[in-house]
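Residues per chain, in single letters:
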Amino acid sequence: MKQMNIDVAVIGAGTAGLAAYRAARAAGKRVVLIEGGPYGTTCARVGCMPSKLLIAAAEAAHELRHTAPFGVRVEGEIVIDGRAVMERVRRERDRFVGFVVNSVEGIPAEDKLRGYARFIDNTTLQVGDDVVVKASRVVIATGSSPAVPPPFRALGDRLIVNDDVFSWDTLPRRVAVFGPGVIGLELGQALARLGVIVRVFGVGGGVGPLSDPAIRDYARAAFQQQFYLDPEARVEDMTRDGDEVAIRYARLDGEVVTVRFDYVLAATGRKPNVGGLGLENTGLKLDARGVPLFDPATLQCGASPIFIAGDANNILPLLHEAADEGKTAGANAASYPDVSAGLRRASIGVVFSDPQIATVGTRFADLPAGGFVVGEVSFEDQGRSRVMLKNKGLMHVYAERDTGRFLGAEWIGPRAEHIAHTLAWARQMDLTVAQMLDMPFYHPVIEEGLRTALRDAAAKLAG
Ligand SMILES: Cc1cc2nc3c(=O)[nH]c(=O)nc-3n(C[C@H](O)[C@H](O)[C@H](O)COP(=O)(O)OP(=O)(O)OC[C@H]3O[C@@H](n4cnc5c(N)ncnc54)[C@H](O)[C@@H]3O)c2cc1C
Ligand SMILES: NC(=O)c1ccc[n+]([C@@H]2O[C@H](COP(=O)([O-])OP(=O)(O)OC[C@H]3O[C@@H](n4cnc5c(N)ncnc54)[C@H](O)[C@@H]3O)[C@@H](O)[C@H]2O)c1
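Computed from a predicted model, the values in this text were never measured in an experiment.

**Describing the packing of helix 1 (residues 15-26) against helix 8 (residues 319-335)**
For the pair helix 1 and helix 8, the least separation of the axes is 7 Å and the interaxial angle reads 35°. Seen along the crossing, helix 1 lies across helix 8 with a hand that is right-handed. Residues Thr15, Ala16, Ala19, Ala20, Ala23 and Ala24 of helix 1 form the contact with helix 8, whose participating residues are Leu319, Ala322, Ala323, Gly326, Lys327, Gly330, Ala331 and Ala334. Class assignment for the residues of the contact of helix 1 with helix 8 results in 10 nonpolar, 3 polar and 1 charged.

**Re the UniProt feature "binding site: FAD" (unreviewed entry) in the chain**
Here, the residues flagged by UniProt with the feature "binding site: FAD" (unreviewed entry) are Lys52, Thr142, Gly143, Ser144 and Asp311. Spanning 260 residues, the named residues do not form one spatial group; their C-alpha atoms are separated by as much as 23.2 Å. Inspection of the secondary structure puts Thr142 in the loop between strand 6 (131-140) and strand 7 (144-146). For Thr142, the residues in contact, after removing those within four places along its chain, are Ile11, Asn273, Leu277 and Ala312. Within the structure, the side chain of Thr142 is placed 2.6 Å from the backbone oxygen of Asn273, a separation counted as a polar contact. Inspection of the secondary structure assignment puts Asp311 in the loop between strand 17 (306-308) and helix 8.

**What to know about the layout of surface pockets**
Empty space among the atoms can be located by rolling a probe the size of a water molecule over them. Its volume calculated, the second largest pocket comes out at about 400 Å³. Lining the second largest pocket are 16 residues, and of these His62, His66, Asp354, Leu389 and Lys390 sit closest to its centre. Residue composition of the lining of the second largest pocket, grouped by class: 6 nonpolar, 5 polar and 5 charged.

**Remarks on helix 7 (residues 213-224)**
Compared with the 16 Å implied by 1.5 Å per residue over 12 residues, the 16 Å span of helix 7 between its first and last C-alpha is a close match. Regarding helix 7, the residues found buried are Ile215, Tyr218, Ala219, Ala222 and Phe223. One side of helix 7 carries all its buried residues, which in axial view fall inside an arc of 125°. If you follow the buried residues of helix 7, they end up packed against helix 6 (182-193), strand 11 (228-230), strand 19 (356-361), strand 21 (394-400) and strand 22 (406-413). Capping of helix 7 at its N-terminal end is provided by Asp212; its side-chain oxygen lies 3.1 Å from the backbone amide nitrogen of Ala214.

**Regarding the sheet that holds strand 21**
Taken in spatial order, the 5 strands of this open sheet run 18-19-22-21-20, and their pairing is antiparallel. The open sheet has two edge strands, strand 18 (348-351) and strand 20 (372-378), and neither has a second partner. Between one strand axis and the next, the sheet turns by 10° as a mean value, whatever way the strands run. Lying on the sheet, helix 7 is in contact with strand 19, strand 21 and strand 22; it crosses strand 22 at an angle near 15°.

**Quick look at the domain arrangement of the chain**
When its domains are assigned, the chain resolves into domain 1 (2-145 + 271-335), domain 2 (150-268) and domain 3 (348-462). Between the C-alpha centres of domain 1 and domain 3 there is a distance of 32 Å. Taken together, the contacts link 8 residues of domain 1 with 7 residues of domain 3. Both faces considered, domain 1 and domain 3 share a buried interface measuring about 570 Å² in area, 61% of it formed by carbon and sulfur atoms. Viewed at the interface, domain 3 and domain 1 are joined by 1 salt bridge. The salt bridge partner of Lys390 is Glu63, with a shortest N-O separation of 2.8 Å. Between domain 1 and domain 3 we count 1 residue pair in polar contact (both at pLDDT 80 or more) in total. Its residues assigned to classes, the side of domain 1 that touches domain 3 shows 4 nonpolar, 2 polar and 2 charged.

**Re the sheet that holds strand 11**
Taken in spatial order, the 5 strands of this open sheet run 8-15-9-10-11, and their pairing is parallel. Edge positions in the open sheet fall to strand 8 (159-160) and strand 11, since each of these has one partner strand only.

About the cut-offs
- Residues numbered from 1 in each chain as written.
- Chains lettered and ligands numbered in written order.
- Predicted model: local features only at pLDDT ≥ 70, side-chain atom pairs only at ≥ 80, totals over all residues.
- Heavy atoms only, no water.
- Axes fitted to C-alpha atoms, helices over the stretch in contact; angles between N-to-C directions.
- Helix = DSSP H or I, 4+ residues; strand = E, 2+ residues; numbered from the N terminus.
- Left-handed = near helix turned anticlockwise from the far one by under 90°.
- Contact = heavy atoms within 4.5 Å.
- Nonpolar A, V, L, I, M, F, W, Y, C, P; charged D, E, K, R; others polar.
- UniProt positions renumbered as here; feature names shortened; annotations may be inferred.
- Polar contact = N/O pair within 3.5 Å; in protein donor to acceptor, adjacent residues only side chain to side chain.
- 1 Å grid on protein atoms, 1.4 Å probe; cavity = no way out; pocket = protein on both sides within 12 Å on 5 of 7 lines; lining within 4 Å.
- Points joined across faces, edges and corners; volume = space filled by probe spheres on them.
- Expected span 1.5 Å × (residues − 1).
- Buried < 20%, exposed > 50% of the residue type's maximum accessible area, 1.4 Å probe, protein only.
- Arc of directions from axis to C-beta.
- Pairing = 2+ DSSP bridges.
- Domains from an automatic or database assignment.
- Buried area = accessible area lost by both parts, 1.4 Å probe.
- Salt bridge = Lys/Arg side-chain N within 4 Å of Asp/Glu carboxyl O.

Have a look at this one:
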């Protein structure tokens, strides 16, 4: 058994782990980066990037089919070449992965260890079968994995998760998507636009990350005009039959039908990768999901020399959060026992559906009862949105009743990814609605819709 003595061990070479490695190295520590799976990060290999590539192809197909209202006709057939679609998705994805792999190759060989790590005690890790790492501090940056309900396992290779979609050679004919969350909406809508027969089934009525009931209801209706979506589905049976899955469910109109699919895509949420880490050997206190209790500001687990960053800690499983948290955890691991709060930006989330969904700042569900006003705008009559025939959407902005401070927003609407940034910057700068209305708004732009919502909030604050 080989033993390695080191200052900081980082478990996981994803976005959070790479940032932690760099921060601890920059602080002058001897660091080892341990990776059990392939290099390249979840975001580049099976997450953000390939999903956006698939969505881009779907948008191209959708736009081509919707030119007629502008007086522009496409004459002849629109052909979606599934092989060519998936070939571009994989080729461009591999390019993004290549950049990450190149940067990992730039890390000195003695700083890298291949194999899955497991705690023997707080500062000792077993890596694979042959190596023991003694580290005075450890950063857990092990990411997350799809949480697949156990009964789905009976479907064998007809059950897929997001990773599988991006290794397809061509598009399948029929896919049942379980989970209208962020992944289910993005992939379900993209596949539907690419000509795949798609049914999206949910439980409990949720649509994406929305917690504001009015926006959620609007989103549900907007998507239902485009593809089959039942956020409160009654699925009675799901059985593997040869190379197909037969699903018996009550349709939106109540009729019970049996429909056959080539694949069932489980987009039913993700769970932190903490199960195989041997955390029971650390003495750390764990929550109900097995994640160590930690300080969200410093990412330190109790008073221990262990820190946890990225999807593994399950605060905000997003790419930029993983990068920020990795940096905080790496820097604090290096300076331990002196630790300090890392940068926490205003929260921002975007679903790359069409229309897009966005959330900024405090979610509706977390607002203090009675302490806020809601400013509203519908994008249906919004000038620029209508010019572009993208006039679908509803936005709510929330402002603190006593101070007029902008608290947050939830909405579905055109180009939400851009407005989300404007709003997140305003939130981080702690602006009031009045200060936001003093900012410039060009004409004619979709942001004028945001101004209408802010004016509505201002009127309610004044009232
Ligand atoms: C389909 C999909 C689309 C997404 N789209 C977006 C998006 O558009 N925008 C956005 O902001 N976010 C998006 N995300 C979320 C984003 O990808 C994640 O938040 C981010 O990649 C998490 O980074 P991480 O470093 O925590 O984990 P990862 O990148 O998963 O890194 C964890 C690493 O740890 C390794 N590991 C695990 N256990 C061990 C062990 N015991 N020993 C050694 N190594 C181990 C794993 O192999 C892995 O390489 C998406 C996610 C998915 C699945
Ligand atoms: N654009 C982006 O930024 C982006 C894109 C994809 C993923 N992500 C990240 O990945 C995380 C995970 O995404 P996700 O979509 O897997 O999780 P999610 O929590 O957003 O959605 C899971 C959905 O599955 C439903 N569900 C659970 N069990 C079910 C069952 N048995 N049958 C039917 N539906 C069921 C839930 O009610 C929920 O609607 C997101 O929270 C986000 O942080 C971000």
